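Survey of secondary and tertiary structure
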Amino acid sequence: MITAVALGDGVGAGFTGRAGGVSGPPFDSLNLGGAVGDDPAAVLDNRRRAAAALGADPERTVFMRQVHGAEVAFASSTDLPGPVDAVVTTVPGLALAVLVADCAPVLLADPAAGVVGAAHSGRPGTAAGVVPALVKAMCERGADPARMAAAIGPAACGRCYEVPAEMRDEVAATVPAAYATTSKGTPGLDIRAGVAEQLASAGVTRVTADGRCTIEDPGLYSYRRDGRTGRFAGYVWLKEGT
Ligand SMILES: [Zn+2]
């Protein structure tokens, strides 16, 4: 149900999957997305189950209204000022969640500074630099890229993520590592490689990537594969009392 990620002492982090929830098809079963047409009561139940499995507080989890941009918000409570694709906090116990189904969920932490962040980096967000913007916002709160650890979660892989040639060129112009060719020999994008390149450029060298492809792995939600479907999530938070 949960893949825990180690981002340092005093930091909790992990990625959810499809199993262990209460939603029916096509959202079965641990859908955490509130804007995909699923029963709100089921989503609420799933969010409680996911938080319990992770060890996070479901009443103190920040869900963004994601719009494929590069805006970053600072969260001091679960209320955000508006739509954003990245969020930062220094508040212990406040969990940051990023919802995805093919886009890359990116989790960052500087445990020594007590700063954590989460970003939603799909094609437009990666091209717009949402992850570099998140690193910068964390630095403004006292974090140092040299101390940061990052986790890139499951996403559509470069062998599966087919795009028109112009779109590949457009993204690769700013993020060269995202340039990919699919298993069919057609133009593709490798978002994870693009995000890894952006993190390296920002000075973040402790980076782990979950190699699972959302399109290939039936244990994950994929918008590309299924269209109407749910969302899984990445969570990161500062543990209280550490
Ligand atoms: Zn794939």
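Residues numbered from 1 in each chain as written. Predicted model: local features only at pLDDT ≥ 70, side-chain atom pairs only at ≥ 80, totals over all residues. Heavy atoms only, no water.

Let us now look at the coordination of the zinc ion. Within the protein, the zinc ion binds to Cys-157 (SG), Cys-160 (SG), Cys-213 (SG) and Glu-216 (OE); these donor distances fall in the range 2.0 to 2.3 Å. Note that the zinc ion binds 4 donor atoms; their angles at the metal cover 101 to 117°, and the shape is tetrahedral. (Donors = N, O, S within 2.8 Å, 3.2 Å for Na, K, Ca; no water. Tetrahedral: all angles 85-135°; square planar, octahedral: opposite > 155°, others 65-115°.)

Across all of its chains, the model carries 10 salt bridges by this definition. We note a salt bridge from Asp-110 to Arg-147, for which the minimum N-O separation is 2.9 Å. Here the residue Asp-110 occupies a position in strand S7 (residues 104–110), and Arg-147 occupies one in the loop between helix H3 (130–140) and strand S9 (149–152), the gap between them amounting to 37 residues. The exposure class of Asp-110 is buried, given its relative accessible area of 0%. (Salt bridge = Lys/Arg side-chain N within 4 Å of Asp/Glu carboxyl O. Helix = DSSP H or I, 4+ residues; strand = E, 2+ residues; numbered from the N terminus. Buried < 20%, exposed > 50% of the residue type's maximum accessible area, 1.4 Å probe, protein only.)

Here we come to the side chain of Asp-85. Looking at where Asp-85 falls in the secondary structure, it is placed in the loop between strand S4 (72–74) and strand S5 (86–89). Although buried, Asp-85 forms no salt bridge, and the nearest oppositely charged side chain, Arg-65, lies 9.8 Å from it. Among the polar contacts made by the side chain of Asp-85, one reaches the main-chain amide nitrogen of Gly-69 at a distance of 2.8 Å. When neighbours within four sequence positions are excluded, Asp-85 is seen to be in contact with Met-64, Gln-66, Val-67, His-68, Gly-69, Glu-71, Ala-118, Ala-119, His-120 and Val-130. (Lys, Arg positive; Asp, Glu negative; His and termini not counted. Polar contact = N/O pair within 3.5 Å; in protein donor to acceptor, adjacent residues only side chain to side chain. Contact = heavy atoms within 4.5 Å.)

Attention now moves to H3. All buried positions along H3 are accounted for by Val-130, Val-131, Leu-134, Val-135, Ala-137 and Met-138. Burial along H3 is one-sided: seen end-on, the buried residues are contained in an arc of 165°. Those residues of H3 that are exposed and aimed more than 90 degrees away from the buried face are Lys-136 and Glu-140. Elements that come into contact with the buried residues of H3 comprise S4, S5, S7, strand S8 (115–121), helix H2 (123–128) and helix H5 (191–201). (Arc of directions from axis to C-beta.)

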